[in-house]
Structures are given as C-alpha cells and as structure tokens.
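# Structural overview for review
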Amino acid sequence: MKILLAADGSPYTKKALAYLVNHEALAAGGEVVVVNVQPAIPPRVKSAVGAAVVADYHRDEAGKVLQPIERFLKRHQIPFTTKWVVGSAGAEIVRAAKRERAQLVVMGTHGHGVLKRALLGSVAQNVVTDCDVPVLLVK
C-alpha cells in the first residue's frame, strides 16, 4: 500500500507520523510518500529578490520539515520518498495523492473550531472533500 503523509512540521505531523509507524499496511511492505507544501511567495517579492533566492528559501524551509521525518523513517526502516511543492496546501496534497497513486492520505489536523474553520478554511477539510482516496486525520 502506498501512503501519502502530508507534512507541515507541526506537532500534528509528528502525531500522524507516530500513528503511521504502527500502521498495518507498512508491516505488509507498504511505502510512504512524504509531501511538504510550501506557500507561494507573492510575485512582487519574488521579482524583487529573484527566482533563485525564492527557490533556495523554499528548499531550505522544506528541508526543515522533511529532514527530521527522513531520519525517523530511516530509523524505523520504512521505505519512503520525500517531495516538496509550492502552492495551496489542500490542492497540492490532493494533486500529490493522484500523481503518486496513493491509496491513503494521512495528515495531522490542527482541530480548529467551526468558526475559525469557516473564516480561515481548513486544509484537512479541503483534502477530505476533494481527495478520491481515503483520508485519515490524526489529532
């Protein structure tokens, strides 16, 4: 089974990762694709500092999230790949699930209340709504 782990570096990602390590699909030879989504830099900033600076920034920020996860998965001998993309988190996670042909998406949820979710939106809610495969939310 191929499982996509959406990782934002929060404590909720750590909880999702801890749950994932004990998932029966991994014991049966499954693999994990870890995806980190970096928010886009406004075009005005990108043109002021240059595309190379922005690319370096995204790579560094993604590394801060992905490197500890890579160490953790190696320590537990779980087959994995890591990827990072730039864009809207919900949409990019759904795209990654399709592109990678994941059979399950696992992600932590911040558990904001109804009012905050209505005002700010929820990445988890967007993924659950738009994804064609099961989504497991870990709180």
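This text gives an overview of the structure that appears in the document. Bear in mind the structure is a predicted one, so any value in this text is a computation, not a measurement. (Residues numbered from 1 in each chain as written. Predicted model: local features only at pLDDT ≥ 70, side-chain atom pairs only at ≥ 80, totals over all residues. Heavy atoms only, no water.)

## Observations concerning the pattern of salt bridges
All told, the structure shown has six salt bridges when counted by the stated rule. Between glutamate 61 and lysine 64 there is a salt bridge whose closest N-O contact spans 2.9 Å. Of this pair, glutamate 61 and lysine 64 are both found in helix H4 (residues 51–75), three residues apart, which corresponds to roughly one turn of the helix. The closest approach of N and O atoms between aspartate 132 and lysine 98, which form a salt bridge, is 3.9 Å. Highlighted residues: aspartate 132 in the loop between helix H7 (123–130) and strand S5 (135–138) and lysine 98 in helix H5 (residues 89–100), separated in sequence by 34 residues. Take aspartate 132 and lysine 98: they sit in the same class, and that class is exposed. Overlapping salt bridges bring together Lys2, Lys83 and Glu100 as one network. (Salt bridge = Lys/Arg side-chain N within 4 Å of Asp/Glu carboxyl O. Helix = DSSP H or I, 4+ residues; strand = E, 2+ residues; numbered from the N terminus. Buried < 20%, exposed > 50% of the residue type's maximum accessible area, 1.4 Å probe, protein only.)

## Considerations on the side chain of glutamate 92
Locating glutamate 92 in the fold gives a position in helix H5. Take glutamate 92: its relative accessible area is 13%, and that puts it in the buried class. Beyond its immediate chain neighbours, meaning those up to four positions away, glutamate 92 contacts Val37, Val85, Val86 and Gly87. (Contact = heavy atoms within 4.5 Å.)

## Regarding the layout of surface pockets
Roughly 210 Å³ of internal volume is contained in the second largest pocket. What lines the second largest pocket is a set of 13 residues, and nearest its centre among them are Lys14, Leu17, Pro68, Ile69 and Phe72. Looking at the lining of the second largest pocket, the elements with two or more residues in it are helix H1 (11–21) and H4. No other element matches H4, which puts seven residues into the lining of the second largest pocket. (1 Å grid on protein atoms, 1.4 Å probe; cavity = no way out; pocket = protein on both sides within 12 Å on 5 of 7 lines; lining within 4 Å. Points joined across faces, edges and corners; volume = space filled by probe spheres on them.)

## Topic: the packing of H1 against H4
Between H1 and H4, the shortest axis-to-axis distance is 12 Å and the interhelical angle comes to 15 degrees. As the angle between them shows, H1 and H4 are arranged roughly parallel. Relative to H4, the crossing made by H1 is right-handed. From H1, Thr13, Leu17 and Val21 reach across to H4, where they touch Ile69, Phe72 and Leu73. (Axes fitted to C-alpha atoms, helices over the stretch in contact; angles between N-to-C directions. Parallel < 35°, antiparallel > 145°, perpendicular 65-115°, else oblique. Left-handed = near helix turned anticlockwise from the far one by under 90°.)

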